[in-house]
Amino acid sequence: MLSLSPLKDREEIKEIFKQKNIEYNEFSGVVSAVCQNETLGMCLYNLTKDKMVILYIEPIADIPLVDGILRSTLHVAAEKSIMNAFYADTVP
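Residues numbered from 1 in each chain as written. Predicted model: local features only at pLDDT ≥ 70, side-chain atom pairs only at ≥ 80, totals over all residues. Heavy atoms only, no water.

**Focus: the nonpolar core**
Next up, step 1: The biggest cluster of nonpolar side chains holds 15 residues, and the ones touching the most others in it are Tyr 45, Leu 47, Met 52, Ile 54, Ile 57, Ile 69 and Val 76.
Next up, step 2: At the level of elements, strand S2 (28-35), strand S3 (38-47), strand S4 (52-58) and helix H2 (63-78) are the ones that each hand at least two residues to this core.
Next up, step 3: Tallying contributions element by element places H2 first for this core, with six residues.
Next up, step 4: Once residues within four sequence positions are removed from consideration, Leu 47 is found in contact with Phe 27, Met 52, Val 76, Ala 77, Lys 80 and Ile 82. (Core = buried A, V, L, I, M, F, W, Y, C linked by side-chain atoms within 4.5 Å. Buried < 20%, exposed > 50% of the residue type's maximum accessible area, 1.4 Å probe, protein only. Helix = DSSP H or I, 4+ residues; strand = E, 2+ residues; numbered from the N terminus. Contact = heavy atoms within 4.5 Å.)

Set out below in structure tokens:
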């Protein structure tokens, strides 16, 4: 069964950001797609009080999976009533 959920362990999040060579900060987060202890994909983001910025998402080649990961990531922001979301390259 596929499970999509935000990671809670700050050290694990920090390590993933380091592995992907993306700058980590207090607003950093990760939503991970896991099936039977195998990570199939993830989305790295920054979430502040007024916006979410998507920094990285994988696997790009699996459109249905990446769509689910992105929707789950956006849901993290929506749960906090944050409706502004951007890709890192398009932040105003």
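**Brief notes about H2**
Next up, step 1: Over its 16 residues, H2 extends 22 Å from the first C-alpha to the last, a length consistent with the 22 Å expected when each residue adds 1.5 Å.
Next up, step 2: The set of residues buried in H2 consists of Leu 65, Val 66, Gly 68, Ile 69, Leu 70, Thr 73, Val 76 and Ala 77.
Next up, step 3: On the buried face of H2, the contacting elements are strand S1 (2-6), S2, S3, S4 and strand S5 (85-87). (Expected span 1.5 Å × (residues − 1).)

**Observations regarding the environment of Glu 23**
Next up, step 1: Note on placement: Glu 23 falls in the loop between helix H1 (10-19) and S2.
Next up, step 2: The exposed category is assigned to Glu 23, whose relative accessible area is 67%.
Next up, step 3: A C-alpha to C-alpha distance of 20 Å links Glu 23 and Asp 50, two positions 27 residues apart in sequence.
Next up, step 4: Dropping the residues within four chain positions of it, Glu 23 is found in contact with Phe 17 and Ser 28.

**Let's talk about a negative patch on the surface**
Next up, step 1: A cluster of like negative charges, contributed by Asp 9, Glu 11, Glu 12 and Glu 15, occupies part of the molecular surface.
Next up, step 2: Note on placement: Glu 11 falls in helix H1.
Next up, step 3: The class of Glu 11 is exposed, set by a relative accessible area of 56%. (Patch = residues over 30% accessible without salt bridge, like charges linked within 9 Å, V, L, I, M, F, W, Y side chains within 5 Å. Areas by Shrake-Rupley, 256 points an atom, 1.4 Å probe, with all protein chains shown as cover. Salt bridge = Lys/Arg side-chain N within 4 Å of Asp/Glu carboxyl O. Lys, Arg positive; Asp, Glu negative; His and termini not counted. Charge placed at Lys NZ, Arg CZ, Asp CG, Glu CD.)

Treat this as a map of the structure, not an account of what it does.
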